[in-house]
Amino acid sequence: MDLFTDPVSTPCGHNFCKSCLSQCWNNSQTYRCPFCKANFRKRPDLKINTALRPKTSEKEKADSIKLFTDLMRSIERCQSELLEMMEQKQKAAEKQAEELIKELEQEITELKRRDTELEQLSHTEDHLHILQIYPSLIRPPCTSSCAEISISDTQLSVEPLRKALVHLQETLDEKLSRTVLKRIQQHAVDVTLDPDTAYPNLVLSDDGKQVTSKDIKHKLPNNPERFDYCPCVLAHEGFSSGRFYFEVQVKGMTDWDLGVARESINRKGIITAIPEAGYWIVVLRNGNNYLAGESSPVPLSLRVKPQVVGVFVDYEEGLVSFYDVESRSHIFSFTSQSFTEKLFPFFSPCKNEKGKIAAPLIISRQIQ
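What counts, and where the lines are drawn
Numbers given to residues run from 1 along each chain, matching the order in which its sequence is written. In view of the model being predicted, local features appear only for residues whose pLDDT reaches at least 70, and side-chain atom pairs are presented and counted only at 80 or more, with totals across whole chains, interfaces and linings using the full set of residues. Just so you know, side-chain values use all the structure's heavy atoms and leave hydrogens and water out. Helix and strand definitions here come from DSSP, where helices need a minimum of 4 consecutive H or I residues and strands a minimum of 2 consecutive E residues; each element is numbered from the N-terminal end. Three exposure classes are used, based on accessible area relative to the maximum for each residue type with a 1.4 Å probe and protein chains only: buried under 20%, partly exposed in between, and exposed over 50%. Charge counting follows a simple rule: Lys and Arg are positive, Asp and Glu are negative, and His as well as the terminal groups are ignored. Salt bridge criterion: a side-chain nitrogen from Lys or Arg within 4 Å of a carboxyl oxygen from Asp or Glu. Here a residue-residue contact requires only that any non-hydrogen atoms of the pair lie within 4.5 Å. A strand pair is defined by DSSP finding two or more bridges across the two strands. For the purposes of these results, a polar contact is taken to be a pair of N or O atoms within 3.5 Å, where, inside protein, one atom must be able to donate a hydrogen and its partner to accept one; residues adjacent in sequence count only when each atom of the pair is a side-chain atom. Grouping into patches uses exposed residues only, defined as over 30% relative accessible area, and leaves out salt-bridged ones; the cut-off is 9 Å for like charges and 5 Å for nonpolar side chains (Val, Leu, Ile, Met, Phe, Trp, Tyr). For the area figures, the Shrake-Rupley method with a 1.4 Å probe applies, and any residue is considered shielded solely by the protein chains shown. A charged residue contributes its charge at one atom only: NZ of Lys, CZ of Arg, CG of Asp or CD of Glu. Any two of the Phe, Tyr and Trp rings considered here, Trp counted by its six-membered ring, make a pair once their centres fall within 6.5 Å; the pair's planes then place it as stacked at under 30 degrees, edge-to-face at over 60, or tilted in between.

An unreviewed UniProt entry annotates the chain as B30.2/SPRY domain-containing protein of Sinocyclocheilus anshuiensis.

Written out as structure tokens, the structure reads:
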């Protein structure tokens, strides 16, 4: 009874979330409406109900407004606290400076008085008087050393402000990423590997959730769907509308490719994995080099090595985003893309070198 997520309509006219209905039919040998029990001879091709999808858009809009309102309040509160701290430091510094000025003025007055006395004594011939006051003349006046004069403890500095702003930015980025990732995980789908597309050197697990690269090539039929040169494999499931999300464990791997590809991609020979050729992927090379597969590869600077990568697609918006699931941070996004055919999750554990222990790419179970 919640708001629809990617709402679809059955031929009998009832509405459901696409992921819920797909999961229901995936676990059944027949296709029927969960509400009225109407049977369908073949599985209907589900399309997003754009009339109902705004019931979801309004909720997301309200959630976004609330999030940014909270962030703005947090920023305003931090700004007020920082300004108050700076004003207090400035007042303390001004007070200390005023006290130092008074002390210096008193010392100047004392030094002038001594100078006058010495000037007078330089003209006297009363040597006995000079000897009597000599001890007081040789005693140095109580003056402050310039090296000792400092207001460093209360000195106005931008360093606390800079640190506070950096901390605030990190907090806001983390909060926003956590909120965004939590929301897109609601669009998680069940993904399994399609053995008919797998490069012959790849080994797929029986449940279709893991793929490992081996240095032994298996004899498999070279069907049109199969990659014959690059160590790649696609998922069974393709998507031509709505939003979908899946997660892949990449722990222990030094090289991998992840993302989505359109149905009509070239699967034979050398592949140029860029959006113009129908690939939207992020890759890891040599254990440390992360790149986004643009026409000119984009280097990615990541604070930590992702152990689980989340891939989110919004078909209508032309968006493909990648996330570090454990740190809940954004990795990269392809934006303003134009999708006109089915998109399939794309995986590559890269070629295995002889003697090298290969870790598998592992597709996470559907997020609950």
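1. Digging into the side chain of D194
In this structure, D194 sits in the loop between α4 (159-184) and β5 (202-204). Buried charged residue D194 carries no salt bridge. Nearest counter-charge: R267, at 6.1 Å. Residues contacting D194, with those up to four places away along its chain left out, are L204, V233, L234, A235 and H236.

2. Regarding the pairing of strand β15 (residues 329-334)
In summary, the side chains of a regular strand alternate between the two faces of the sheet. As defined by bridge partners, strand β14 (residues 319-324) adjoins β15 across five bridges and the pair is classed as antiparallel. Note on β15: the bridge partner recorded for S321 is S333. Counted between consecutive antiparallel strands, the loop separating β14 from β15 contains four residues, among which R328 sits at a positive phi close to 50°.

3. Things to note about the environment of S28
Along the chain, S28 falls in the loop between α1 (18-26) and β3 (31-32). Polar side-chain contacts of S28 include one of 2.8 Å to the backbone oxygen of T30.

4. Let's talk about a negative patch on the surface
Taken together, the side chains of E94, E98, E99 and E103 define an acidic patch exposed on the protein surface. You can call E98 exposed: its relative accessible area is 52%.

5. A closer look at the environment of D194
Judged by relative accessible area, which is 13%, D194 ranks as buried. Here the alpha-carbon distance between D194 and A235, two residues 41 residues apart in the chain, equals 5.0 Å. There is a polar contact of 3.1 Å between the side chain of D194 and the backbone nitrogen of D196.

6. Quick look at the packing of aromatic side chains
Tallied over the full model, the rule gives eleven aromatic pairs. Relative to F40, the ring of W25 lies with its centre 6.2 Å away and its plane at 70°, an arrangement referred to as edge-to-face. Linking W25 in helix α1 with F40 in strand β4 (residues 39-40), this pair joins segments that are 15 residues apart in sequence. Assessed through its relative accessible area of 2%, W25 is described here as buried. Look at F40 and you get buried, because its relative accessible area is 15%. Note on F227 and F346: the rings are 6.3 Å apart at their centroids and 75° apart in plane angle, and the pair reads as edge-to-face.

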